[in-house]
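Descriptive analysis of the structure
Chain by chain, the residues run as shown.
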Amino acid sequence: MKLLSIKECDLFQKKVFIRCDFNVPTDEFGNITDDRRIRSALSTIKYCLDQGCPIVLASHFGRPKAGIFTPEDSLIPVARRLHQLLKTEVLFAKDVIGESATTLVKNLKSGEIVLLENLRYEAGETKNSPELSAALASFADIYINDAFGVSHRAHASVAGITEHFDDNHKAAGFLLLKEIEFFDALLERPVRPFAAIVGGSKVSGKLEALVNLLPRVDKVLIGGGMAFTFLKALGHDIGSSLVEEDLMDEALRIMDEANRLGVKFYLPVDVVAAQKFSADSAIRMTSTQEIPNGWMGLDIGNATSELYKEVLEDVKTILWNGPMGVFEMEKFAKGSNKIAHFIADLDAVTVVGGGDTADLVQRIGLDEAMSFISTGGGASLELLEGKVLPGVLPLMK
Ligand code: AMP
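Residues numbered from 1 in each chain as written. Predicted model: local features only at pLDDT ≥ 70, side-chain atom pairs only at ≥ 80, totals over all residues. Heavy atoms only, no water.

**Things to note about the sheet that holds strand β6 (residues 170-172)**
Two strands in a sheet stick together by hydrogen bonds in their backbones, pointing the same way (parallel) or opposite ways (antiparallel). Taken in spatial order, the six strands line up as β3-β4-β2-β1-β5-β6 in an open sheet, and their pairing is parallel. Single-partner strands in this sheet number two, and they are β3 (90-92) and β6. Neighbouring strand axes in the sheet, compared pairwise and without regard to direction, differ in orientation by 25° on average. Relative to strand β2 (residues 55-58), strand β1 (residues 16-19) runs parallel, the two sharing four bridges. Opposite Arg19, over in β2, you have Ala58 as the bridge partner. (Pairing = 2+ DSSP bridges. Helix = DSSP H or I, 4+ residues; strand = E, 2+ residues; numbered from the N terminus. Axes fitted to C-alpha atoms, helices over the stretch in contact; angles between N-to-C directions.)

This is the structure in structure tokens:
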């Protein structure tokens, strides 16, 4: 997939609008607890600074009710962090397209940066409103999308706005280019053997991705809550583990299809089972063939992690999407942690889908050891499902 690239855009001293994804986690005092998404946007911002561009930055943040200013959803902390990271002044507009934004943007000079207030204070953002798209587009000569994490949403600043720029005046920023290149290479020309480790809570969330991945991979390793729908479909006793009964037939079809395609399909052989979904629950190791009544599997067991290590030993490409257990609770994080440590040391291309899997890898300090960690959970999942993202489509050559 070839995209219009920032590198091919004539940016010199042109006013640029960069759609970023600054939707970072914060604590109860509004302090940014993980600034990865801000740091990921720096190469595009610095490149535009080097080209002498006046720069308008825009992002969403949290889920404020449109039209109501809630201070906890303000992008002020992001402006401060940007200032620290860029070591240059970052002007802050108190609104999105109101008087503050319009005045600051109008007076913006070469090498100056203004960050607009949270796009989602405007009702038109999530509705892809033509009025908001036009107002945002009027701020700049060039549009750059560097917000991979939100490119699966047809929102005004991601989709509608692109209609106001021709192909010479819009492009993907470095982060978006990198994300798309990694997933494109992964899906279209992976170095084999290629294994997909798929976990997380439910089959329903990953069904389309699994179906799209099957013809592309050599091995699938299932973990997390979604494993139990497959196990129950095979007739195993899964106790009170998470299950989607209505998807059991689909689960069987997926396993048949894997078999037909010669794809090795692995399910957990044992689990850490708990009596309740709680960090202080009693736990026991059990086989996945006979999880006792009243017990639920909340992590893969030791035999499974050893088996999965063996299965992954010879692979050259790994895609990991979804935790192996309830990693948020220490008692049920071991399976995910073991897999993370193991693949971090492998001589293979390791691609980690965004969201929870990225969090867990980062939590144990292994983010640098992976080849690539996506900044977008939902967006990367849609790429794995084979979809073209609404924010990416208008930037395709
Ligand atoms: P997803 O958003 O589908 O990738 O799911 C991630 C969530 O799945 C995490 O919050 C995990 O706590 C949860 N999860 C993983 N394993 C299990 C399990 N065995 N039972 C219930 N939830 C699980």
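**Quick look at the packing of aromatic side chains**
Describing an aromatic ring pair means giving the distance of the ring centres and the angle of the ring planes. Counted under the stated rule, the structure contains eight aromatic pairs. Judged by centre distance (6.4 Å) and plane angle (80°), the ring pair of Phe183 and Phe372 falls under edge-to-face. Of the two residues, Phe183 is situated in helix α6 (residues 174-188) and Phe372 in strand β17 (residues 372-373); the sequence distance between them amounts to 189 residues. Assessed through its relative accessible area of 5%, Phe372 is described here as buried. Its guanidinium or amino end placed over the ring of Trp295, Arg284 lies 5.1 Å from that ring's centre, counting from NZ or CZ. (Phe/Tyr/Trp six-rings, centres within 6.5 Å; stacked < 30°, edge-to-face > 60°. Buried < 20%, exposed > 50% of the residue type's maximum accessible area, 1.4 Å probe, protein only. Lys NZ or Arg CZ within 6 Å of the ring centre and 35° of its normal.)

**Some thoughts on the site of the ligand**
Around the ligand, a shell composed of 15 residues is seen, among which Ser201, Lys206, Gly297, Glu328 and Asp356 lie nearest. Measuring from a nitrogen atom of the ligand, one finds a backbone N or O atom of Gly225 at 3.2 Å. The separation between a nitrogen atom of the ligand and a polar main-chain atom of Gly297 is 2.9 Å. Protein contact buries 80% of the 510 Å² of open area that the ligand shows by itself. Judged by its atoms lying within 2 Å of the grid points, the ligand is housed in the largest pocket. The residue makeup of the shell around the ligand, split by class, is six nonpolar, six polar and three charged. (Near = heavy atom within 4 Å. Polar contact = N/O pair within 3.5 Å; in protein donor to acceptor, adjacent residues only side chain to side chain. Areas by Shrake-Rupley, 256 points an atom, 1.4 Å probe, with all protein chains shown as cover. 1 Å grid on protein atoms, 1.4 Å probe; cavity = no way out; pocket = protein on both sides within 12 Å on 5 of 7 lines; lining within 4 Å. Sits in = over half its atoms within 2 Å of the grid points. Nonpolar A, V, L, I, M, F, W, Y, C, P; charged D, E, K, R; others polar.)

**Details of the sheet that holds strand β11 (residues 270-274)**
Pairing within the open sheet is antiparallel, and its three strands lie in the order β12-β11-β14. Two strands close off the open sheet at either side, each with one partner strand: β12 (283-287) and β14 (296-300). Averaged over neighbouring strand pairs, the angle between their axes works out to 40° when direction is ignored.

**Side note on the nonpolar core**
Among the nonpolar cores identified, the biggest contains 82 residues, and Phe22, Ile45, Leu57, Leu82, Ile222 and Phe230 are the most heavily contacted of them. If one sorts the elements of this core by residue count, α6 sits on top with six residues. Residue assignment places this core across two domains, with domain 1 (6-177) and domain 2 (190-384) each supplying three or more. Not counting chain neighbours up to four residues away, the residues in contact with Ile45 comprise Ile18, Phe22, Ile55, Leu57, Leu82, Leu86 and Ile113. Core analysis: the second largest hydrophobic core is formed by 27 residues, Ile300, Tyr308, Trp320 and Val352 among them. (Core = buried A, V, L, I, M, F, W, Y, C linked by side-chain atoms within 4.5 Å. Domains from an automatic or database assignment. Contact = heavy atoms within 4.5 Å.)

**Comments concerning the packing of α6 against helix α13 (residues 377-384)**
Remark: α6 packs on α13, axes separated minimally by 10 Å, with the N-to-C direction vectors making an angle of 30°. The angle between α6 and α13 places the two elements in the roughly parallel class. The hand of the α6/α13 crossing is right-handed. Across from Ile180, Phe183, Leu186 and Leu187 in α6, the residues of α13 making contact are Ser380, Leu383 and Leu384. Here the contact of α6 with α13 is built from residues that sort into six nonpolar, one polar and no charged. (Parallel < 35°, antiparallel > 145°, perpendicular 65-115°, else oblique. Left-handed = near helix turned anticlockwise from the far one by under 90°.)

**A look at unusual backbone geometry**
Geometrically, the link from Arg192 to Pro193 is a cis peptide bond, its omega value of 0° lying close to zero. Note that Pro193 resides in the loop between α6 and β7 (194-198). One non-glycine residue with positive phi stands out, namely Asn128, at about 55°. Structurally, Asn128 can be placed in the loop between β4 (113-115) and α5 (130-137).

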